[in-house]
Amino acid sequence: MQTSSPRARLAPTCVILGAALALATPAAANTAPDAHAAAQTSRERREAHFGAFGNFLSGQFATSQTDLDTAAKHYLAALALDPAIPELRDRALLAAIIADRPEAARLARAEATNPAAIMLLADLDGLAGHWPAAITRLRALPRQSSGEVLRPLLLAWARYGAGRTDEALATLRAAAATPRYAALFNLHMALIADAAGRTSDAAHFYDLASNNGGSVGLRLGQILASWQARHGNPETAARRLSEYVAADGPLRLALPALRAQLATRPVATARDGFAESYVAVAAALNQAQGNDLALLLLRYALQMRPDFAAARLLQADILAAQQQPAQALAALGAIGPQDPLAPVARLRSASILAGEGKTGPAVTILDALATEYPDRGEPLEQKGEILRADNQFAAAAAAFTTAIARLQPFDPITWRLYFERGVSLERAGDWDHAEPDLEHAVQLAPRQPSVLNYLAYSWADQGKHLVQAREMLESAALLQPEDGAVIDSLGWVKLRQGDTAGAIAALERAAELQTEDATINMHLGDAYARAGRKLEAVYQWRRVLSLKPDPDDRAHVEKELAETEAALATATPAEAPATTPPDAPPPAATPAAPTRN
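Parameters and conventions
- Residues numbered from 1 in each chain as written.
- Predicted model: local features only at pLDDT ≥ 70, side-chain atom pairs only at ≥ 80, totals over all residues.
- Heavy atoms only, no water.
- Helix = DSSP H or I, 4+ residues; strand = E, 2+ residues; numbered from the N terminus.
- Buried < 20%, exposed > 50% of the residue type's maximum accessible area, 1.4 Å probe, protein only.
- Contact = heavy atoms within 4.5 Å.
- Areas by Shrake-Rupley, 256 points an atom, 1.4 Å probe, with all protein chains shown as cover.
- pLDDT = per-residue confidence, 0-100.
- Expected span 1.5 Å × (residues − 1).
- Core = buried A, V, L, I, M, F, W, Y, C linked by side-chain atoms within 4.5 Å.
- Lys, Arg positive; Asp, Glu negative; His and termini not counted.
- Salt bridge = Lys/Arg side-chain N within 4 Å of Asp/Glu carboxyl O.
- Axes fitted to C-alpha atoms, helices over the stretch in contact; angles between N-to-C directions.
- Left-handed = near helix turned anticlockwise from the far one by under 90°.
- Nonpolar A, V, L, I, M, F, W, Y, C, P; charged D, E, K, R; others polar.
- Parallel < 35°, antiparallel > 145°, perpendicular 65-115°, else oblique.
- Phe/Tyr/Trp six-rings, centres within 6.5 Å; stacked < 30°, edge-to-face > 60°.
- Polar contact = N/O pair within 3.5 Å; in protein donor to acceptor, adjacent residues only side chain to side chain.

1. Remarks on the overall build of the protein
Now for step 1: When you go through the protein residue by residue, the secondary structure sums to 31 helices and zero strands.
Now for step 2: When burial is assessed residue by residue, the protein has 49% of its 597 residues classed as buried.
Now for step 3: In the protein, the proportion of contacts linking residues at least 24 apart, taken out of those at least 6 apart, comes to 58%.
Now for step 4: Carbon and sulfur atoms make up 54% of the accessible area of the protein, which amounts to about 27200 Å² in all.

Below you can see the structure in the form of structure tokens.
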């Protein structure tokens with residue numbers, strides 16, 4: 001799929017429509033009474049062209065807003081008015097497929113050489129069991145771009161569906177000669193051999209796929225664990241599956257159900273193989289920001305396997321990132337309650353609702369999950385995060401407290417829960433209880449920059465434990481040297497210690513890293529004032545007021561500004577500081593408030 005600016009994409013259709021209108025206009029201008037029928041035809045044609053153009057523009061706008069249902073409606077309306085424009089036919093086809101419109105199959109049959117149409121029609125052949133016809137279509141898929149991966153995968157599974165397992169494996173064996181995609185092709189050779197009951201071949205290819213030197217994600221982990229469980233190693237399979245999901249908190253809710261599924265072959269048919277192929281390529285495209293093509297491939301995957309939860313989760317992630325919360329929620333809602341990944345979908349739904357400002361419905365989902373999974377703290381952790389973002393700090397701390405009570409021995413989220421509760425208590429004004437939590441989090445995670453930063457900054461702001469705070473911030477800065485919040489905190493503690501020159505150097509660096517932060521600007525202004533650079537301080541403080549500071553920072557800055565400007569106004573020429581004038585460019589870019597949590 002080509003990508004270009006909306007104006008560039010629009011140009012060919014504008015030219016075609018414009019030329020057609022130009023040809024129609026003279027006929028209308030020379031209309032005589034005895035040529036009424038010709039004039040009527042010309043007017044109808046002109047109205048059709050204008051109608052097509054308007055719908056095309058509406059479709060373009062809807063596409064730019066990622067409203068694919070509306071885009072499909074307008075492109076199809078434009079195509080009905082003027083079906084002769086190739087670009088319009090292509091756009092209508094793509095939009096209809098992604099929006100799952102019934103017109104997609106009809107349009108695909110009229111555009112049989114279009115790669116999107118080839119895949120759709122091959123899917124329909126496969127769904128009908130006509131695998132030889134699917135093979136014929138897929139041979140016409142281009143070998144470039146994503147076709148370099150999809151063509152051999154789909155051809156192999158179609159050949160397996162047609163009962164030609166040897167040809168299927170040979171197709172992927174040849175493709176696996178390209179090292180870039182060898183792990184994926186080895187995995188699908190394993191899946192085909194597994195589905196065909198060729199145990200020895202499957203074991204060989206699974207071994208190749210699992211030793212590719214890369215990380216093992218959930219889907220590959222599920223597949224490998226299922227193979228182990230079905231071939232005499234259920235305990236090893238359960239342990240390995242636990243390892244695969246350990247780093248992902250939401251997935252831990254799904255672990256019992258995922259274990260229960262280990263005895264089931266995850267990819268059993270050619271249709272499943274098609275769906276698996278589409279999702280694998282869509283996931284890679286999503287990482288590379290190829291989201292439109294990824295959505296298209298996910299639509300194909302769900303056509304072949306409507307219950308494929310992994311496809312719906314990825315679809316929801318892409319739609320949410322494209323600011324389409326309603327569509328993302330619909331994708332998640334299509335995951336059945338009995339699916340092992342259903343709790344993951346509900347956690348993501350709560351996150352999307354909270355992002356839309358719907359804290360109440362989000363918390364309702366999380367409370368229900370917390371009841372259903374009484375030994376897990378993840379729903380309560382997410383509840384605490386949502387409440388804290390909604391400035392309900394005491395309620396957030398209470399949610400984190402309940403989550404802490406559910407901690408398992410050696411749970412990897414332990415430090416995070418103490419840290420999050422400490423932040424919530426500090427924001428609620430309860431420093432006496434916040435400080436022990438933050439100190440405990442530092443003990444548990446001494447190399448987490450966010451933890452070091454929050455506690456050290458809090459100490460510096462109170463003027464206490466300055467030596468220890470500086471040491472912690474220097475460690476955090478080594479871990480994250482490009483983090484403006486950490487560098488700002490280091491500058492702030494230096495200023496508190498009286499190291500004005502060191503503070504200015506650090507704060508100017510923080511300002512370069514985060515140019516729109518009110519708190520860093522305020523700190524830099526304070527440092528300039530401490531160094532006697534009053535005009536530069538005034539400039540920084542004025543900038544703070546343009547950056548929507550919080551009320552306490554605004555009050556501080558307004559007070560400092562009033563006192564400093566009054567002092568400058570009454571200073572004699574001999575007393576006036578010889579520094580940059582207030583309307584000169586700033587000595588350094590000014591930053592954005594550090595994120596302490």
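2. Points about the confidence of the model for the protein
Now for step 1: Residue-level pLDDT values for the protein average 84, and 83% of them are 70 or greater.
Now for step 2: Overall, residues 1-33 carries pLDDT values under 50, and its contacts beyond four positions in sequence, including any with other chains, amount to 30 contacts.
Now for step 3: Here residues 35-49 scores under 50 on pLDDT; set against residues more than four positions off or in separate chains, the count is eleven contacts.

3. Here's the deal with the environment of Pro-379
Now for step 1: Tracing the backbone through its elements, the reader meets Pro-379 in helix H21 (residues 378-389).
Now for step 2: As a C-alpha pair, Pro-379 and Leu-347 span 32 residues in sequence and 7.1 Å in three-dimensional space.
Now for step 3: Other than its neighbours up to four places away in sequence, Pro-379 contacts Leu-253, Leu-347, Leu-366, Leu-369 and Ala-370.

4. Focus on helix H22 (residues 393-405)
Now for step 1: The end-to-end C-alpha separation of H22 is 19 Å, in line with the 18 Å expected for 13 residues at 1.5 Å each.
Now for step 2: Residues of H22 that are buried sit in contact with H21 and helix H23 (414-427).

5. Examining the nonpolar core
Now for step 1: Counting 107 residues, the largest nonpolar core has Leu-138, Tyr-206, Phe-274, Tyr-278, Leu-297 and Tyr-300 as its most contacted members.
Now for step 2: Of all the elements, helix H16 (residues 291-304) adds the most residues to this core, at ten residues.
Now for step 3: Those residues in contact with Leu-297, other than ones at most four positions away along the chain, are Met-119, Leu-150, Tyr-278, Val-281, Ala-282 and Leu-285.
Now for step 4: The next biggest cluster of nonpolar side chains, apart from the first, holds 61 residues, and it includes Leu-417, Ala-518, Ala-537 and Val-557.

6. What to know about unusual backbone geometry
Apart from glycine, the bulk of residues carry a negative phi angle, and the bulk of peptide bonds sit in the trans form.
Now for step 1: With phi around 60 degrees, Asp-100 is a residue other than glycine that occupies positive phi space.
Now for step 2: Asp-100 gets classed as exposed once you look at its relative accessible area, which sits at 52%.

7. Things to note about the side chain of Lys-494
Now for step 1: Counting through the fold element by element, Lys-494 comes out in helix H27 (residues 484-496).
Now for step 2: Asp-499 provides the closest opposite charge to the buried, salt-bridge-free Lys-494, at an N-O distance of 5.0 Å.
Now for step 3: Discounting chain neighbours no more than four positions away, the residues touching Lys-494 are Arg-470, Asp-499, Gly-502 and Ala-503.

8. What about the packing of helix H4 (residues 86-98) against helix H5 (residues 103-110)?
Now for step 1: At a minimum axis distance of 8 Å, the contact between H4 and H5 shows a crossing angle of 145 degrees. Handedness of the crossing formed by H4 with H5: left-handed. Along its contact with H4, which presents Ala-92, Leu-93, Ala-96 and Ile-97, the element H5 presents Ala-104, Leu-107 and Ala-108.
Now for step 2: Residues belonging to the contact of H4 with H5 are distributed by class as follows: seven nonpolar, no polar and no charged.

9. What about the packing of H21 against H23?
Axes are the key here: two packed helices are described by the angle between their axes and the distance separating the axes.
Now for step 1: With their axes 11 Å apart at the nearest point, H21 and H23 run at an angle of 25 degrees to one another. In this view, H21 runs roughly parallel relative to H23, as classed from their interaxial angle. For the pair H21 and H23, the sense of crossing is left-handed. Two secondary-structure elements touch here, H21 through Glu-381, Glu-385 and Arg-388 and H23 through Arg-416, Leu-417, Glu-420, Val-423 and Ser-424.
Now for step 2: For the contact of H21 with H23, the class distribution of residues is two nonpolar, one polar and five charged.

10. Quick notes on helix H10 (residues 182-195)
Now for step 1: End to end, H10 covers 20 Å across 14 residues, agreeing with the expected 20 Å (1.5 Å per residue, within 8%).
Now for step 2: Counting buried positions along H10 yields twelve of 14 residues, so the element is predominantly enclosed.
Now for step 3: Those residues of H10 that are buried are in contact with helix H8 (147-161), helix H9 (165-175), helix H11 (199-210), helix H12 (218-230) and helix H15 (270-287).
Now for step 4: Residue Gly-197 follows H10 closely and has a positive phi angle near 80 degrees.

11. As for the pattern of salt bridges
For side chains bearing opposite charge, pairing can occur when the charged atoms are close.
Now for step 1: Applying the stated criterion across every chain, the model contains 30 salt bridges.
Now for step 2: Between Arg-219 and Glu-276 there is a salt bridge, with its nearest N and O atoms 2.7 Å apart. Here the residue Arg-219 occupies a position in helix H12, and Glu-276 occupies one in helix H15, the gap between them amounting to 57 residues.
Now for step 3: By relative accessible area, Arg-219 is classed as partly exposed at 22%.
Now for step 4: Accessibility expressed as a relative area gives 6% for Glu-276, which makes it buried.

12. Looking at the packing of aromatic side chains
Now for step 1: According to the stated counting rule, one finds eight aromatic pairs in the structure shown.
Now for step 2: Ring geometry for Trp-131 versus Phe-274: centroids 5.4 Å apart, planes at 65 degrees, classification edge-to-face. Remark: Phe-274 occurs in helix H15 and Trp-131 occurs in helix H7 (residues 131-138); sequence separation between them is 143 residues. In terms of burial, Trp-131 and Phe-274 fall into one category: buried.
Now for step 3: With centroids separated by 5.2 Å and ring planes inclined at 40 degrees, the aromatic side chains of Tyr-278 and Tyr-300 adopt a geometry described as tilted.

13. Considering the environment of Thr-364
Now for step 1: Among the secondary structure elements, Thr-364 is positioned in helix H20 (residues 359-372).
Now for step 2: You can call Thr-364 exposed: its relative accessible area is 54%.
Now for step 3: In sequence terms Thr-364 and Lys-383 are 19 residues apart; their C-alpha atoms lie 9.3 Å from each other.

14. Side note on the environment of Asp-526
Now for step 1: Tracing the backbone through its elements, the reader meets Asp-526 in helix H29 (residues 518-530).
Now for step 2: Considering only alpha carbons, one finds Asp-526 and Val-538, twelve residues apart in sequence, at a separation of 9.3 Å.
Now for step 3: The residues contacting Asp-526, other than those within four sequence positions of it, are Trp-492, Leu-495, Trp-541 and His-556.
Now for step 4: At a separation of 3.1 Å, a polar atom in the side chain of Asp-526 contacts the side chain of Trp-541.
Now for step 5: Here the side chain of Asp-526 touches His-556 through a polar contact of 3.2 Å, side chain to side chain.

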